[in-house]
Amino acid sequence: MEAKSSVAAPLQLDLPVDRPRTATRPTRAARQCHRLDPAVARALPDWAARHGCTVRDVVRAAVLAVLARHTGQSPVGVGVEPDAGGTGWWQLVVPVHDDPPFTELIRRMSAAPTPVGSPPSVMLGDLPPGDTSPHELCLQVRVEDDRVELHASRLVDLFDADTVDRLLGHVGTVLADVVAGNARPLSRLPLLTEAELRTMLVDWNDTATPLDHDSCLHDLFAARAARQPEVPALLHGDRVLTFGEVDRAANRLARHLRQLGVRRRVRVGICLERGPDLLVAILGVLKAGGAYVPLDADYPAERLRFVQSDSGYAVLVTTATLLPRLAAA
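Since we're looking at a predicted model, the values are computed, not measured.

Rules of the game
Residues numbered from 1 in each chain as written. Predicted model: local features only at pLDDT ≥ 70, side-chain atom pairs only at ≥ 80, totals over all residues. Heavy atoms only, no water. Helix = DSSP H or I, 4+ residues; strand = E, 2+ residues; numbered from the N terminus. Buried < 20%, exposed > 50% of the residue type's maximum accessible area, 1.4 Å probe, protein only. Contact = heavy atoms within 4.5 Å. Areas by Shrake-Rupley, 256 points an atom, 1.4 Å probe, with all protein chains shown as cover. Axes fitted to C-alpha atoms, helices over the stretch in contact; angles between N-to-C directions. Parallel < 35°, antiparallel > 145°, perpendicular 65-115°, else oblique. Left-handed = near helix turned anticlockwise from the far one by under 90°. Pairing = 2+ DSSP bridges. Patch = residues over 30% accessible without salt bridge, like charges linked within 9 Å, V, L, I, M, F, W, Y side chains within 5 Å. Salt bridge = Lys/Arg side-chain N within 4 Å of Asp/Glu carboxyl O. Lys, Arg positive; Asp, Glu negative; His and termini not counted. Charge placed at Lys NZ, Arg CZ, Asp CG, Glu CD. Phe/Tyr/Trp six-rings, centres within 6.5 Å; stacked < 30°, edge-to-face > 60°. Lys NZ or Arg CZ within 6 Å of the ring centre and 35° of its normal.

Participant: Before we move on, can you summarise the overall build of the protein with the specific residues and values?
Facilitator: Within the protein, the secondary structure is distributed over ten helices and twelve strands. When its C-alpha atoms are laid out on the principal axes, the protein stretches across 90 × 50 × 45 Å. The buried share among the 329 residues of the protein stands at 41%. Considering only contacts in the protein between residues 6 or more positions apart, those separated by 24 or more positions represent 63%. Approximately 18600 Å² of the protein is accessible, and the part contributed by carbon and sulfur atoms is 52%.

Participant: Tell me about the packing of helix 7 (residues 243–259) against helix 8 (residues 276–288), residues and numbers included.
Facilitator: Look at helix 7 against helix 8: their axes get within 7 Å of each other, and the N-to-C directions meet at 50 degrees. Taken together, the axes of helix 7 and helix 8 lie oblique to each other. Helix 7 and helix 8 meet at a crossing whose hand is right-handed. Only L279, V280, A281, L283, G284, V285, K287 and A288 of helix 8 make contact with helix 7, whose side of the interface consists of V246, D247, A249, A250, N251, L253, A254, L257 and R258.

Participant: Tell me what's going on with unusual backbone geometry, and back it up with residues and numbers.
Facilitator: A cis amide bond links S74 to the next residue, P75, at an omega of 0 degrees. Looking at the secondary structure, you find P75 in the loop between helix 2 (55–71) and strand 2 (76–80). Even without being glycine, D145 reaches a positive phi, approximately 55 degrees. Relative to the assigned elements, D145 resides in the loop between strand 6 (137–144) and strand 7 (147–155). Although it is not a glycine, R265 adopts a positive phi angle of roughly 75 degrees. You can see R265 is positioned in the loop between helix 7 and strand 10 (267–270).

Participant: Run through the packing of helix 1 (residues 38–50) against helix 4 (residues 161–179), naming residues and quoting values.
Facilitator: Running from N to C, helix 1 and helix 4 cross one another at 50 degrees; their axes reach a closest spacing of 10 Å. In terms of their interaxial angle, helix 1 and helix 4 are classed as oblique. Here helix 1 runs over helix 4; the crossing is left-handed. Contacts between helix 1 and helix 4 involve V40, A43, L44 and W47 from the former and L175, A176, V178 and V179 from the latter.

Participant: Could you give an account of the sheet that holds strand 11 (residues 291–294), with specific residues and numbers?
Facilitator: What the three strands build is an open sheet, ordered 11-10-12; its pairing is parallel. Lying at the two open borders of the sheet, with one neighbouring strand each, are strand 11 and strand 12 (315–317). The average angle at which neighbouring strand axes cross in this sheet is 30 degrees, direction not considered. Sheet analysis places strand 10 next to strand 12, joined by three bridges and oriented parallel. Following the sheet pairing, G269 is matched in strand 12 by L316.

Participant: Which residues make up a positive patch on the surface, and what values go with them?
Facilitator: Residues R248, R252, R255, R258 and R263 make up a contiguous surface patch of positive charge. Its place among the elements puts R252 in helix 7.

Participant: Give me the lowdown on the packing of aromatic side chains, citing residues and values where you can.
Facilitator: Inspection of every chain in the model, using the stated rule, returns two aromatic pairs. With 5.1 Å between their ring centres and 40 degrees between their planes, F221 and F243 make a pair best called tilted. Of this pair, F221 sits in helix 6 (residues 217–227) while F243 sits in helix 7, placing them 22 residues apart in sequence. Judged by its relative accessible area of 11%, F243 is buried. The ring centre of Y299 lies 5.7 Å from the NZ or CZ of R303, which sits over that ring.

Distances and angles like these do not, on their own, reveal function.
Here is the structure:
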């Protein structure tokens, strides 16, 4: 009997998606384009000539680098053009486990592709015709004179346009670093665009909020608890406490502390594990009018001894488990 020929299953890239993958792969696709920065595009031919490759080789290697960083996989497999008969698929599989430099990525991409029995998830070649695609993502490099463009076809049920725009922008960032003469390994290639860096470093850190300087922390917490008592205020493991629950517990502690003589300017030591009880204790001391002295049971004994002696707190809030550590200090 004649043996049947077989081909391997393609290595599928696990790119982060905007919506979950399903058992049945969708096919509805949309297209978009990203043009490289003109200065980078103009610098690519000279860089490629110095390293014995083409502009297309350099851009395709940058695509591979970004795919490797986005997936964290090694090897990285990308589909290439189907065979001449159009009945099969070929995949280029490139190992990156040793964190190669960019020039080595280019060399490895010259390896021979292998036949696979179904469409790879990511294709690097001509875009499929029409508005459907057998690939999750298909990327095509187009070079015309001093203009370099990345064209993409994405499955709309998996990827939003913004997601693919960011990925293509990361390719541009890698290429800008490469033509600038930096020789970095794959793991250190910069990915974020200037806009993304500004968002992370400036916009997300623009957290200035006008505060009511005439109100104390515990008063603001109590006001929030009065407005929205059922809203979660604290999550600790599987335990969830609402604003109302925390405020009521703090009020109970405050009443008990007043019975012990806590008033304005009276210091109260707090030695508790980080968790819900610690928040309740701080609010309770403030509600009673006192000032809390934080004590960490993991401090060295000499440090604990000094803080206890120097602060002169009148009352201590702790647990039976932690009390021996304080006593030993």
